[in-house]
Amino acid sequence: MTSVSIDEASLRQSPGRRLSTFFYRHPRLRLWTLLALPVLWLGVVYIGSLLVLLLSAFWTADPFTAKLVHEFTLDNLRRVFETPVYRDVAFRTIRMAALVTLACAVLAFPLAYYMARIASPRVRNLLVVAVLMPLWGSYLVKAYAWRTILSGEGAINWALGPFGVSFNGYSNTGLWLVFTYLWLPFMVLPIYAGLERIPQSLLEASADLGARSMRTFFRVTLPLVFPAVVAGSIFTFSLTLGDYIAPTLISSDQFIGTVIYREYGTALPFAAAYAMVPIVVIVAYLLVARKLKAFESL
Amino acid sequence: MVESRLTRLFLRLGAGVTLFFIYFPLFVIALYAFNEKVTQRWPIEDWSTKWFSVAFHNESVREALEHSVLAGLGATAIALVLGTLASMAIARHRFFGREVMTFAVILPIALPGIVTGLALQATIKDVLSPLGVKFGLATIVIGHATFCVVVVYNNVLARLRRTAGNLDEASADLGADSWQTFRYVMFPQLRTALLAGGLLAFALSFDEIIVTIFTAGAIQTLPIWMYATLFRPTELPIVNVVALFVILVSVIPVYLAQRLAGGTGVAGGTTQRPARREP
């Protein structure tokens, strides 16, 4: 190392250099420097907010001023579980979420399979972009577009008109269609990624061992891609459970989201208690999903 | 090929149906923007571009657009910082609570938006308002940043997993300080992932409404304006034009981000595209 002349004294004294040596020697401190802000924001502000909300489920609201009264009570939770209407709304929403998830999976599978295994690389890249683009954008625009399409004078009834059929779009069937539409890309992409991870050789091995394509699909492909389907279903399920805008635009029935939205202004504790329903369902769902290794497919 | 000819035909058909389903409502609403009449009857009979100039000169639309852009930029900036820091910690360290942290990053988009919105509103009302932060642009940014972090985080994390961890050590051995290592070694590797994450975060923020309603107070962003206006039949032509505009603004960043980072994950790129496994 004689040919390289480094001014060692200046190196040692440069503050940036000293800092990097310091962090190298104390990886824990480096870690906490990195983590401080994210933990403060997500851990303290966000999780803290959630806890405050959950806690307020145990307070009461003054019926005249809507101000919170900090007296511990289980009445709100009792009301959620014992009032038939709210139980019905919860079941209706969960059933809707399940049906939407099912429809999304059924519609997503052929497209994802085609993208992953049939399409040429060029077409595949185009399709990925084609599915990604509507995923991120314009939730409200999409819901609004369907409101227009499903209306009595809209495109659907125009197309059905010659057959003498009319479709009441502003119904739960219509809402099911809209939800399926809204969350479909969230299902396509994880399934596509999951299918692409399956090595071709496994499918060939299955065929070599005498399995027909149906058997290969149900015994090899489907089990391997299942975590990806679960990953997609996290979104289709969770997004349906908490939505209050699409139901307002399309259906006249109440859903968990619309009830919370209606109540939070005057009865925050009850709204918070009702919000526990989707939270508990989703957290349980997430825990199961993590067990099934679905997070790797998000 | 394991799939038979018939299976492939069916798959092609199914894929076509699904793609049509995804795009047909977007085209319909795009066409309505050129509808001359105020009524929303299908099929459209008279065409016109006059509503574009009406929308362009609408004061509340302009104001809402300005708020949306500012909120998007602010949220993206915060998400970039927090997401990068979190992903660096997760990618390069093993620590107690690491699992909890990965959970906490995903939670804001996994939990129903109404829960996040309600929780943030309660905190803003009880904690921030007494400190002088009133409902407005700042609180919108706080809400958006919370769920935008995950997008940047996922993009950067995916990139970090593909790059060698000892590069920063090598850089330090060669005499670089922390800043130089970041500037000349880490940043060039992360640049496109950051840009992609930032674009997606902006797209996510720009049209968000479910959380925004709870954090906005009296301020209107473009989606909130749309939501307030679409129940007024006479103003629907303007809503249609704004809808077309929102589609374009949210679609273009996603296209660019996809080109840059190539991620296919729902949350913005965890799943990298592997090489084709054909023999």
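In this text, all values refer to a predicted model and were calculated from it rather than measured experimentally.

## Observations regarding the overall build of chain B
Here comes step 1: What chain B contains, in helices and strands, is eleven helices and zero strands.
Here comes step 2: From first element to last, N terminus to C terminus, chain B shows the α and β order α-α-α-α-α-α-α-α-α-α-α.
Here comes step 3: Here the C-alpha coordinates of chain B stretch approximately 70 × 70 × 30 Å along the principal axes.
Here comes step 4: Looking at chain B residue by residue over its 279 residues, the buried ones come to 59%.
Here comes step 5: For chain B, long-range pairs separated by at least 24 residues make up 70% of all intrachain contacts whose partners lie at least 6 apart in sequence.
Here comes step 6: Total accessible area on chain B is roughly 12000 Å²; 66% of this is exposed by carbon and sulfur atoms.
Here comes step 7: Within chain B, the 17 negative side-chain charges are centred at a point lying 8 Å from the centre of the 22 positive side-chain charges.

## Some points on the overall build of chain A
Here comes step 1: When helices and strands are tallied, chain A shows 14 helices and two strands.
Here comes step 2: The C-alpha radius of gyration of chain A comes to 26 Å, more than 25% above the 19 Å expected for a compact globule of 298 residues.
Here comes step 3: In terms of overall dimensions, chain A has C-alpha extents of about 95 × 70 × 40 Å along its principal axes.
Here comes step 4: For chain A, long-range pairs separated by at least 24 residues make up 70% of all intrachain contacts whose partners lie at least 6 apart in sequence.

## Side note on the pattern of salt bridges
Here comes step 1: Scanning the entire structure with this criterion turns up eight salt bridges over all chains.
Here comes step 2: Linking Glu196 of chain A and Arg124 of chain A is a salt bridge whose minimum nitrogen-to-oxygen distance equals 3.4 Å. Here the residue Glu196 of chain A occupies a position in helix 9 (residues 172-197), and Arg124 of chain A occupies one in helix 6 (residues 121-136), the gap between them amounting to 72 residues.
Here comes step 3: The buried category is assigned to Arg124 of chain A, whose relative accessible area is 5%.
Here comes step 4: Between Lys37 of chain B and Asp46 of chain B there is a salt bridge, with the nearest N and O atoms lying 3.1 Å from each other.
Here comes step 5: Take Asp46 of chain B: its relative accessible area is 31%, and that puts it in the partly exposed class.
Here comes step 6: Linked through salt bridges whose partners overlap, the residues forming this network are Lys37, Glu45 and Asp46 of chain B.

## Brief notes about the domain arrangement of chain A
Here comes step 1: By domain assignment, chain A separates into domain 1 (8-56) and domain 2 (80-297).
Here comes step 2: On a C-alpha basis, the centroid separation for the pair domain 1 of chain A and domain 2 of chain A is 38 Å.

## Some words on the nonpolar core
A general feature of soluble globular proteins is that nonpolar side chains tend to end up buried together.
Here comes step 1: In this structure, Trp136, Tyr139, Ile191, Leu195, Ile245 and Tyr274 of chain A together with Met226 of chain B are the most contacted members of the largest nonpolar core, which totals 190 residues.
Here comes step 2: If you tally residues by element for this core, the top one is helix 5 (residues 84-118) of chain A, at 17 residues.
Here comes step 3: Lining this core are residues from two domains, each supplying at least three of them: domain 1 (8-56) and domain 2 (80-297) of chain A.
Here comes step 4: What Leu195 of chain A contacts, discounting residues up to four positions off in sequence, is Phe109, Ala112, Tyr113, Ala116, Arg117, Thr221 and Val225 of chain A.

## Thoughts on a nonpolar patch on the surface
Here comes step 1: On the surface, Leu37, Leu40, Val44 and Val45 of chain A together with Val81 of chain B cluster together to form a nonpolar patch covering roughly 410 Å² of accessible area.
Here comes step 2: The dominant element in the nonpolar patch, judged by the number of residues it contributes, is helix 3 (residues 27-56) of chain A, at four residues.
Here comes step 3: With respect to the helices and strands, Val81 of chain B occurs in helix 3 (residues 59-92).
Here comes step 4: Accessibility expressed as a relative area gives 44% for Val81 of chain B, which makes it partly exposed.

## Focus on the packing of aromatic side chains
Here comes step 1: Counted according to the given criterion, the structure contains 28 aromatic pairs over all chains.
Here comes step 2: For the ring pair Phe20 of chain B and Phe24 of chain B, a centre distance of 5.3 Å and an interplane angle of 10° mean the geometry is stacked. One end of the pair, Phe20 of chain B, and the other, Phe24 of chain B, are both in helix 1 (residues 5-32), four residues apart, so they sit about a helical turn from each other.
Here comes step 3: The exposure class assigned to Phe20 of chain B is exposed, which follows from its relative accessible area of 55%.
Here comes step 4: Positioned above the aromatic ring of Phe270 of chain A is the side chain of Arg79 of chain A, whose terminal nitrogen or guanidinium carbon lies 4.0 Å from the ring centre.

## Remarks on the interface of chain A and chain B
Here comes step 1: Counting residues at the interface gives 102 residues for chain A, matched by 102 residues for chain B.
Here comes step 2: Here chain A and chain B share an interface that buries about 9800 Å² over both sides, 74% of which is from carbon and sulfur atoms.
Here comes step 3: Together, Trp41, Trp136 and Tyr144 of chain A form the three largest contributors to the area buried by chain A at its contact with chain B, with a combined 9%.
Here comes step 4: Residue Glu99 of chain B is joined to Arg290 of chain A by a salt bridge in which the shortest nitrogen-to-oxygen separation is 3.5 Å.
Here comes step 5: On the surface where chain A and chain B come into contact, there are 13 residue pairs in polar contact (both at pLDDT 80 or more).
Here comes step 6: Among the elements that make up the side of chain A that touches chain B, the one with the highest residue count is helix 3 of chain A (16 residues).
Here comes step 7: Taken together, the residues of the side of chain A that touches chain B sort by class into 71 nonpolar, 17 polar and 14 charged.

## Regarding the packing of helix 14 (residues 268-291) of chain A against helix 4 (residues 98-110) of chain B
How two helices pack is summed up by the angle between their axes together with the distance between the axes.
Here comes step 1: At their nearest, the axes of helix 14 of chain A and helix 4 of chain B sit 12 Å apart, and the two run at 130° to each other. With respect to their mutual orientation, helix 14 of chain A and helix 4 of chain B come out oblique. For the crossing formed where helix 14 of chain A meets helix 4 of chain B, the hand is right-handed. Touching Ile282, Leu286, Leu287 and Arg290 of chain A of helix 14 of chain A are Glu99, Phe103, Leu107 and Ala110 of chain B, all from helix 4 of chain B.
Here comes step 2: Split into classes, the residues belonging to the contact of helix 14 of chain A with helix 4 of chain B amount to six nonpolar, no polar and two charged.

## Description of the environment of Leu174 of chain B
All names here are of chain B.
Here comes step 1: Looking at the secondary structure, you find Leu174 in the loop between helix 7 (167-173) and helix 8 (178-206).
Here comes step 2: Judged by its relative accessible area of 76%, Leu174 falls in the exposed class.
Here comes step 3: Remark: the alpha-carbon pair of Leu174 and Gly72, spanning 102 residues in sequence, is separated by 40 Å.

## A few points about helix 2 (residues 15-25) of chain A
Residue and element names in this part refer to chain A.
Here comes step 1: Restricting attention to buried positions, one finds in helix 2 the residues Arg17, Ser20 and Phe23. Projected down its long axis, helix 2 carries its buried residues within an arc of 130°, all on one side. Among the exposed residues of helix 2, those pointing more than 90 degrees away from its buried face are Pro15 and Arg25.

## A word on the packing of helix 4 (residues 75-82) of chain A against helix 14 of chain A
Residues and elements named next belong to chain A.
Here comes step 1: Put simply, helix 4 and helix 14 touch, their axes get as near as 9 Å, and they point 55° apart. Considering the angle they form, helix 4 stands oblique to helix 14. Crossing angle aside, the handedness with which helix 4 passes helix 14 is right-handed. Residues Asn76, Leu77, Arg79 and Val80 of helix 4 touch helix 14, and the partners they reach there are Pro269, Phe270, Ala273, Tyr274, Met276 and Val277.

## Points about helix 8 of chain B
Residues and elements named next belong to chain B.
Here comes step 1: Relative to the 42 Å expected for 29 residues at 1.5 Å per residue, helix 8 spans just 34 Å between its end C-alpha atoms, considerably shorter than the ideal helical length.
Here comes step 2: Along helix 8, the largest kink reaches about 60° and is centred on Phe187; proline Pro188 follows within four residues of it.
Here comes step 3: Capping of helix 8 at its N-terminal end is provided by Asp177; its side-chain oxygen lies 3.1 Å from the backbone amide nitrogen of Trp179.

Definitions and cut-offs
- Residues numbered from 1 in each chain as written.
- Chains lettered and ligands numbered in written order.
- Predicted model: local features only at pLDDT ≥ 70, side-chain atom pairs only at ≥ 80, totals over all residues.
- Heavy atoms only, no water.
- Helix = DSSP H or I, 4+ residues; strand = E, 2+ residues; numbered from the N terminus.
- Buried < 20%, exposed > 50% of the residue type's maximum accessible area, 1.4 Å probe, protein only.
- Contact = heavy atoms within 4.5 Å.
- Areas by Shrake-Rupley, 256 points an atom, 1.4 Å probe, with all protein chains shown as cover.
- Lys, Arg positive; Asp, Glu negative; His and termini not counted.
- Charge placed at Lys NZ, Arg CZ, Asp CG, Glu CD.
- Rg over C-alpha atoms; globule rule 2.2 N^0.38 Å.
- Salt bridge = Lys/Arg side-chain N within 4 Å of Asp/Glu carboxyl O.
- Domains from an automatic or database assignment.
- Core = buried A, V, L, I, M, F, W, Y, C linked by side-chain atoms within 4.5 Å.
- Patch = residues over 30% accessible without salt bridge, like charges linked within 9 Å, V, L, I, M, F, W, Y side chains within 5 Å.
- Phe/Tyr/Trp six-rings, centres within 6.5 Å; stacked < 30°, edge-to-face > 60°.
- Lys NZ or Arg CZ within 6 Å of the ring centre and 35° of its normal.
- Buried area = accessible area lost by both parts, 1.4 Å probe.
- Polar contact = N/O pair within 3.5 Å; in protein donor to acceptor, adjacent residues only side chain to side chain.
- Nonpolar A, V, L, I, M, F, W, Y, C, P; charged D, E, K, R; others polar.
- Axes fitted to C-alpha atoms, helices over the stretch in contact; angles between N-to-C directions.
- Parallel < 35°, antiparallel > 145°, perpendicular 65-115°, else oblique.
- Left-handed = near helix turned anticlockwise from the far one by under 90°.
- Arc of directions from axis to C-beta.
- Expected span 1.5 Å × (residues − 1).
- Bend = angle between axes of the 7 residues up to and from the residue.

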